[in-house]
Amino acid sequence: MSTDALGTRSRTAVLDAADIDALIETHFPHVHGEEKSFFIEEVTATTSVVRMKFNARNVRPGGTISGPAIFKLLDIAVWVAVMAAIGETGVDAVTTHCNLHFLAKPAARDMLAKVTLLRGGKRSFVAECALYSEGADE
């Protein structure tokens, strides 16, 4: 039998994108601001893909997406992956550590966060998140 990235038997996500969207709307309605800005594009038991819709308020001098906006996308996308893996019981999960490397200047357009859960247990998860400007390969 195959195992997933968490070392468990392959399984389906506990919650799907619609379920997780409902949790966000119930518990964190302020996350979007004035209009919905984060969209869950895909979830599995160990991954998520979340889109942050472009908004000019996230652009910093120099024409790039600001670091705080990028971190917000990363944080939400990892939380989405954890919810897909463990379900609503983890709704109060918090980020305890994040290491962010800026490898390329993000363009002023939608951004995607692609998360893979690398390890997880009852109290903590380790995840990797790659962030991309829409249409960019790096």
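Fair warning: this is a prediction, and the values are worked out from it, not measured in the lab.

Definitions and cut-offs
- Residues numbered from 1 in each chain as written.
- Predicted model: local features only at pLDDT ≥ 70, side-chain atom pairs only at ≥ 80, totals over all residues.
- Heavy atoms only, no water.
- Helix = DSSP H or I, 4+ residues; strand = E, 2+ residues; numbered from the N terminus.
- Rg over C-alpha atoms; globule rule 2.2 N^0.38 Å.
- Buried < 20%, exposed > 50% of the residue type's maximum accessible area, 1.4 Å probe, protein only.
- Contact = heavy atoms within 4.5 Å.
- Arc of directions from axis to C-beta.
- Polar contact = N/O pair within 3.5 Å; in protein donor to acceptor, adjacent residues only side chain to side chain.
- Expected span 1.5 Å × (residues − 1).
- Pairing = 2+ DSSP bridges.
- Salt bridge = Lys/Arg side-chain N within 4 Å of Asp/Glu carboxyl O.

In terms of helices and strands, the protein chain carries two helices and six strands. Listed by position from the N terminus, the elements making up the protein chain come as α-β-β-β-β-α-β-β. In terms of C-alpha radius of gyration, the protein chain reaches 15 Å, essentially the compact-globule figure of 14 Å for 138 residues. Considered along the principal axes of its C-alpha atoms, the protein chain spans approximately 50 × 30 × 25 Å. For the protein chain, the residues scored as buried account for 36% of the 138 residues in total. Contacts in the protein chain between residues far apart in sequence, at least 24 positions, make up 59% of those at least 6 positions apart.

This brings us to the side chain of S37. Tracing the chain through its elements places S37 in the loop between α1 (17–27) and β1 (38–43). Overall, S37 belongs to the buried group, its relative accessible area being 9%. In contact with S37, other than residues within four places in its own chain, are V31, H32, R51, M52 and K53.

Moving on to α1. For α1, the full list of buried residues reads I20, D21, L23 and I24. Viewed end-on, α1 has its buried residues packed into an arc of 155°, placing them on one side of the element. Pointing more than 90 degrees away from the buried face of α1 are the exposed residues A18 and T26. The inward-facing, buried residues of α1 contact β1 and α2 (67–86). Regarding α1, its N-cap is D16, as a side-chain oxygen of that residue lies 3.2 Å from the backbone nitrogen of A18 further along.

This part is about α2. Spacing of three or four residues puts side chains on the same side of an α-helix, whose turn is 3.6 residues. Compared with the 28 Å implied by 1.5 Å per residue over 20 residues, the 29 Å span of α2 between its first and last C-alpha is a close match. Where α2 ends, the next residue or the one after it, G87, has phi of about 90°, a positive value.

What follows is about the pairing of strand β2 (residues 47–52). Side-chain positions along a regular strand alternate between the two faces of the sheet. Burial analysis of β2 places five of its six residues in the buried class, which makes it a mostly covered element. Two elements, β1 and β2, share five bridges in a ladder whose sense is antiparallel. Residue pairing across strands places F38 opposite M52, the latter belonging to β2. Hairpin connection from β1 to β2: three residues lie between these consecutive antiparallel strands. Pairing between β2 and strand β5 (residues 111–120): six bridges, direction antiparallel. The residue bridging R51 from the neighbouring strand is L112, located in β5.

Any two side chains of opposite charge can pair, on the condition that their charged atoms come close. Tallied over the entire structure, the rule returns five salt bridges. With its nearest N and O atoms 2.4 Å apart, the salt bridge here joins E41 to R51. Residue E41 is found in strand β1, and its partner R51 is found in strand β2; the two are separated by ten residues along the sequence. Its relative accessible area of 14% is what places R51 among the buried residues. Ionic pairing is found between D110 and R51, a salt bridge with its closest N-O pair at 3.0 Å. You can see D110 sitting in the loop between α2 and β5 and its partner R51 sitting in strand β2, a full 59 residues away along the chain.

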